[in-house]
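Residue-level structure breakdown
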Amino acid sequence: MDNLKPLSAFFLAIEKDFRISTTHIAIYAALLQFRIDKGFINPVQAYSIEIQNIAKIASPKTYHKCMRELDAYGYVIYLPTKNKNKRSSIYFHSD
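For the structure given in this document, a descriptive report is provided here. (Residues numbered from 1 in each chain as written. Predicted model: local features only at pLDDT ≥ 70, side-chain atom pairs only at ≥ 80, totals over all residues. Heavy atoms only, no water.)

**A few points about the pattern of salt bridges**
Condition: Any carboxyl oxygen of Asp or Glu that lies within 4 Å of a side-chain nitrogen of Lys or Arg is treated as forming a salt bridge with it. Working definition: with a 1.4 Å probe on protein chains only, accessible area under 20% of the residue-type maximum means buried, over 50% means exposed, and in between means partly exposed.
Counted by the stated rule, this structure contains 3 salt bridges. Salt-bridge contacts for D17 lead to R19; the nearest nitrogen and oxygen are separated by 2.8 Å. By relative accessible area, which is 36% here, R19 ends up partly exposed.

**Here we look at the sheet that holds strand β2 (residues 76-79)**
Threshold: Strand pairing requires that DSSP identify at least two bridges connecting the strands. Here a helix means four or more residues in a row that DSSP labels H or I, a strand means two or more in a row labelled E, and each is numbered from the N terminus. Lines fitted to C-alpha atoms define the axes here, with helix axes fitted over just the stretch in contact, and angles between the N-to-C directions of these axes take values from 0 to 180 degrees. In this analysis, two residues are considered to be in contact whenever any of their non-hydrogen atoms come within 4.5 Å of each other.
On the basis of which strands lie adjacent, the open sheet formed by 3 strands has the order β1-β3-β2 and antiparallel pairing. Unpaired on one side and paired on the other, β1 (44-46) and β2 mark the two borders of the sheet. The sheet shows a mean angle of 20° between the axes of neighbouring strands, taken without regard to direction. Across the face of the sheet, helix α4 (residues 60-72) comes into contact with β2 and β3 (88-92) while running at roughly 130° to β2.

**Focus on helix α1 (residues 5-14)**
Heads up, the condition is: Arc definition: it is the arc formed by the directions from the helix axis to the C-beta atoms.
Looking only at α1, the buried set comprises P6, F10 and I14. Looking straight down α1, one finds its buried side chains confined to an arc of 65°; they lie on one side. Opposite the buried face of α1, by more than 90 degrees, sit the exposed residues K5 and L12. The elements touched by buried residues of α1 are α2 (22-37) and α4.

Structure representation (structure tokens):
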């Protein structure tokens, strides 16, 4: 059940945050699943397409917009890379 703790904390945090959409929720849940699959590392290193596939988001533009917003709103720290051969870093605050 500890695997659900970060997701539960996220839902409590967004309860009154009108800026968060279903796309943000899908991406955050996908990030958590990706993190679980990688052994709970922080930060996770991921290509955008890896998270998009888990979140069922086809548009890279939508993904990057929502990731920037999750970072700006304080839910994660997102350090994108411009190099297509390097993974971006995503830090979780809950640790």
